[in-house]
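Listed here are the chains, written in short residue letters.
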Amino acid sequence: MIQIRNIKRLVLIINVFLFASLYSCKEIHMLDTKAYTEDDLYRSNFHFSPKKGWMNDPNGMFYKNGYYHLYFQYYPDSNVWGPMHWGHAISTDMITWTEKPIALYPDEKGYIFSGSAVVDEKNTSGFGTLENPPIVAMFTYHDMVREKAGEINYQSQGIAYSLNEGLTWTKYEQNPVIKNPNIKDFRDPKITWDAIHQQWLLVLAAGDKVHFYISKNLKDWEKQSEFGRGIGAHGGVWECPDFFPMIVEGSDDYKWVLLQSINPGGPNGGSATQYFVGDFDGKKFTLDESFLQDLKQEKSLWLDYGRDNYAGVTFSNISEVDGRKLFIGWMSNWDYAQKVPTDKWRSSMTIARELKLLKEDKQYKLSSEPVKELKNYISKTIKKDVLKIKKETIIIDKSMVDLSRLDIHFTMKDLKKDNYTFSFSNKFNNSIRFGINKKEKYFFIDRKNSGIVSFSDNFSNQITKAPFSVDFDKVDVRVIVDKTSIEVFYNNGKTVMTEIFFPEKPMEKFSVTKENSNFKIENLIINQLKF
Ligand code: FRU
């Protein structure tokens, strides 16, 4: 009896103790979290996000007179998707952006969906003059009234022009310029000046394929051909295409590249962007024979295997002297974009990237790397020639750098059939992990314990994987980290993974671990960025 009473007392004491310690932990946790505003914790340091409201796809990106222009799908009155406008931001280097007044508002013809803009240097449209050439934008009108009435022809293409370098726009009175041919998903026009065939060229998503059109004046468009049915990934609807010629690196050859976003149906679920490489005779796109072989093996090729790079397209009017193909994507995924834990605004864009077309062992590959302008923002550099990794190693911690604005570069060597995991973490046990599983042959990002994840079931229910088929013992890694995003570029951007995460407090250390065999990190460069 006495014994039982003693045991009960002991259990009570233990419980009180446990409860007290749990409670005090919770309190520190809560106090700590409260010490941060939403902007402190989640507003990107150097990825564009709107001051307030909802943002999705990048639209109408062009360069003119020293400024890069970024428009974006925007709903200023809420933090979820709604009547679409085009927001606007400008930058001299694609890194620091200044938000400008809204460029395009919805009207009686519909919401303003995604599209593109070109500089009409020769005034082919007649909207401006040779002295002051117009910028011409094409967007999709999405007519909600027709959609609600159960019709299927509610998307058509309209144009607008600007005579003050993209600041304000006038919609063309005779819109739409491309009427709906009775196709439900008929949207996201991307115009390119096709210098090879001396024509304006337009690619448009049409359900499970794209349509190509050409024009002489940006107002009258003639359909030429279609591409895509039964080719590549078709787990969802095709959206936001982009189509342009690219020099094959290290050669005089060029090929045409089609970027094709798809939602859902990405390699790790939800939204993602696949690409195709081939030839274009001015009317019709034909897949390159060797690309077709790759496609048979891999089914589809993806620009980014992470979950958070969608609807990305390239800038128009980049000068020939510059010659780069410059790309920005929306850093989110329709699977959960409207639920991420920010209140004032939702989502950011990826870092601006340079695309390159490579040909190795007869295989074409589209690589992407952060634009070189990022180098101008380095405020502090830490270097290490060799790091031998024998057990868990802390590479860097918050006493040395701010872990929410880093550009890290290193080479991993002596890799065996092992699991190599890098991790940014904090004292709340939040961690965003990435690395290579060489046993099962994939690169990965794991955000299961990255902080706030419960807002959506499919935000962190799986590890994101980028599979590889050829083995290696060495790999080059570049990692760009902001407060809520990680962008990992392997082997100069041949494999890319972009993901977002929401820690409960800032990350405090960057560490690495492996399962069995030791390995080396060489030429480690940690650049802290200034913003
Ligand atoms: C892609 C997309 C586009 C559409 C826009 C609407 O994310 O669905 O196809 O134009 O978003 O906001």
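As the structure is a prediction and not an experimental result, all values here were calculated from the model. (Residues numbered from 1 in each chain as written. Predicted model: local features only at pLDDT ≥ 70, side-chain atom pairs only at ≥ 80, totals over all residues. Heavy atoms only, no water.)

Enquirer: Can you lay out unusual backbone geometry for me, pointing to particular residues and giving the numbers?
Expert: Of note, the amide linkage connecting Asn175 to Pro176 takes the cis form, showing an omega dihedral of 0°. With respect to the helices and strands, the residue Pro176 is situated in the loop between strand 8 (170–171) and strand 9 (186–194). Following Asn263, the chain continues into Pro264 via a peptide bond in cis, with omega recorded as -10°. Within the fold, Pro264 resides in the loop between strand 14 (254–263) and strand 15 (272–280). At Gln198, a position not held by glycine, the phi torsion is positive, near 50°. Residue position: Gln198 is located in the loop between strand 9 and strand 10 (199–206). Judged by its relative accessible area of 51%, Gln198 is exposed. (Helix = DSSP H or I, 4+ residues; strand = E, 2+ residues; numbered from the N terminus. Buried < 20%, exposed > 50% of the residue type's maximum accessible area, 1.4 Å probe, protein only.)

Enquirer: Report on a nonpolar patch on the surface, specifying residues and quantitative values.
Expert: Among the surface-exposed residues, Ile196, Ile247 and Tyr254 lie close enough to one another that they form a single nonpolar patch of about 270 Å² accessible area. Its location among the elements puts Ile247 in strand 13 (residues 237–247). Taking the relative accessible area as the measure of exposure, Ile247 reaches 49% and is therefore partly exposed. (Patch = residues over 30% accessible without salt bridge, like charges linked within 9 Å, V, L, I, M, F, W, Y side chains within 5 Å. Areas by Shrake-Rupley, 256 points an atom, 1.4 Å probe, with all protein chains shown as cover. Salt bridge = Lys/Arg side-chain N within 4 Å of Asp/Glu carboxyl O.)

Enquirer: Summarise the site of the ligand; cite the residues concerned and give the values.
Expert: Inspection of the region around the ligand gives Asn56, Asp57, Gln73, Trp81, Met84, Phe113, Ser114, Arg187, Asp188, Glu239, Tyr310 and Trp334 as its neighbouring residues. Out of a free accessible area of 320 Å², the ligand has 95% covered by protein chains. Where the shell around the ligand is concerned, the elements lending two or more residues are strand 1 (53–64), strand 5 (111–119) and strand 9. Class assignment for the residues of the shell around the ligand results in 5 nonpolar, 3 polar and 4 charged. (Near = heavy atom within 4 Å. Nonpolar A, V, L, I, M, F, W, Y, C, P; charged D, E, K, R; others polar.)

Enquirer: Mind laying out the sheet that holds strand 5, listing which residues take part and the relevant values?
Expert: With antiparallel pairing, the 4 strands of this open sheet are ordered in space as 5-6-7-8. Lying at the two open borders of the sheet, with one neighbouring strand each, are strand 5 and strand 8. When strand 6 (residues 135–142) meets strand 7 (residues 155–162), the two strands line up antiparallel, connected through 8 bridges. Within strand 7, the position partnered with Phe139 by the bridge is Gly158. (Pairing = 2+ DSSP bridges.)

Enquirer: An account of the sheet that holds strand 27 (residues 431–437) is needed here, citing residue identities and associated values.
Expert: Across the sheet, which stays open at both edges, the 6 strands sit in the order 24-33-26-27-28-29 with antiparallel pairing between neighbours. On the outer flanks of this sheet lie strand 24 (393–397) and strand 29 (464–467), each paired with one strand and no other. Ignoring which end each strand starts from, the neighbouring axes of this sheet average 15° apart. Bridge count between strand 26 (residues 419–425) and strand 33 (residues 509–514): 6 bridges; the pairing is antiparallel. Paired with Tyr420 across the strands is Lys514, a residue of strand 33. (Axes fitted to C-alpha atoms, helices over the stretch in contact; angles between N-to-C directions.)

Enquirer: Outline the domain arrangement of the protein, listing residues and values.
Expert: Looking at the protein, the domain boundaries give domain 1 (49–370) and domain 2 (378–529). Taken over C-alpha atoms, the centre of domain 1 sits 30 Å from the centre of domain 2. Facing 27 residues of domain 1, the contacting portion of domain 2 comprises 26 residues. Surface buried jointly by domain 1 and domain 2 totals about 2200 Å² across both partners, of which 57% is contributed by carbon and sulfur atoms. Arg353 is the salt-bridge partner of Glu487, the closest N and O atoms lying 2.6 Å from each other. At the boundary of domain 1 and domain 2, one finds 16 residue pairs in polar contact (both at pLDDT 80 or more). When residues of the side of domain 1 that touches domain 2 are traced back to their parent elements, those giving at least two are strand 21 (353–360) and strand 22 (363–370). (Domains from an automatic or database assignment. Contact = heavy atoms within 4.5 Å. Buried area = accessible area lost by both parts, 1.4 Å probe. Polar contact = N/O pair within 3.5 Å; in protein donor to acceptor, adjacent residues only side chain to side chain.)

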